[in-house]
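If you want the building blocks of each chain, they are given just below.
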Amino acid sequence: MLALSTAGLAESLWAGTEALVESATGWPGMGIVFTYSFLIAFALPGPSEVVLAAPLDLGLPPWARLSAIMLVSAFGKAAGSVFAFHIGQGVKESGPIVRWLRRSRWDVLEWSEKRSVQLARRYGYGGLAIALSVPFFPDTISIYAFAVLERDYVRFAAATFLGSLGRLVVTLGLLGGVTAVF
């Protein structure tokens, strides 16, 4: 019973947090973007790209608004990754999406964890940044896979920041390409 209520709570928290980001407005919304990105790095299994949909009216041109959102999100995820780095491996097993992926026909998570560890061993912190630049995949997998092998908090945070920023840039490029086609 406790497992069911914990899973339900996690799903509700994830859905509620995502909805909060999608409805965030004004400068206080940047705090919501930071908090969401922080939580995505170590506990929430949702897509970090949601921050790009935040309807923040900051009184800035669109390019500056998106740049500000992306920078705040990348800082939030870097801070969250350092927290994840510190607390260890246990949290990566939580979350409804992670559980669903583990039970799926193809174990995407096991494959991803193996590839993340291979990237970490071969490319170090650059590999972490590359792994985190892949859009629409839970960040927690790469973060925890790298946390096992790496020890430098500052480099870990910098790689997470760059990977998170790269992920949002790649996402905008993909979305721009899709909208150009249609």
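Let me begin by describing the structure that accompanies this report. The structure presented is a predicted model; accordingly, all values stated were derived computationally and were not measured.

In terms of nonpolar packing, the biggest core is built from 16 residues, with Met30, Val33, Tyr36, Val51, Leu56 and Ile69 touching the most fellow members. Secondary-structure elements contributing two or more residues to this core are helix H2 (28–42) and helix H3 (62–87). Within the second largest apolar cluster, 13 residues are counted, among which are Phe42, Ala84, Ala131 and Ala159.

Once that is clear, we can look at the packing of aromatic side chains. Under the defined criterion, the tally for this structure stands at two aromatic pairs. Between the aromatic rings of Phe38 and Phe83, the centroid separation amounts to 6.0 Å while the plane-to-plane angle is 35 degrees, which identifies the pairing as tilted. Here the residue Phe38 occupies a position in helix H2, and Phe83 occupies one in helix H3, the gap between them amounting to 45 residues. Taken together, a centroid distance of 4.7 Å and an interplanar angle of 45 degrees make the contact between Phe75 and Phe161 tilted. Here Phe75 is found in helix H3, whereas its partner Phe161 is found in helix H8 (residues 153–181), with 86 residues between them in sequence.

Here we come to the side chain of Thr171. Here Thr171 lies in helix H8. Polar side-chain contacts of Thr171 include one of 2.8 Å to the backbone oxygen of Arg167. The contacts of Thr171, once residues within four sequence positions are left out, are Glu49, Leu52, Pro135 and Phe136.

Rules used throughout
- Residues numbered from 1 in each chain as written.
- Predicted model: local features only at pLDDT ≥ 70, side-chain atom pairs only at ≥ 80, totals over all residues.
- Heavy atoms only, no water.
- Core = buried A, V, L, I, M, F, W, Y, C linked by side-chain atoms within 4.5 Å.
- Buried < 20%, exposed > 50% of the residue type's maximum accessible area, 1.4 Å probe, protein only.
- Helix = DSSP H or I, 4+ residues; strand = E, 2+ residues; numbered from the N terminus.
- Phe/Tyr/Trp six-rings, centres within 6.5 Å; stacked < 30°, edge-to-face > 60°.
- Polar contact = N/O pair within 3.5 Å; in protein donor to acceptor, adjacent residues only side chain to side chain.
- Contact = heavy atoms within 4.5 Å.

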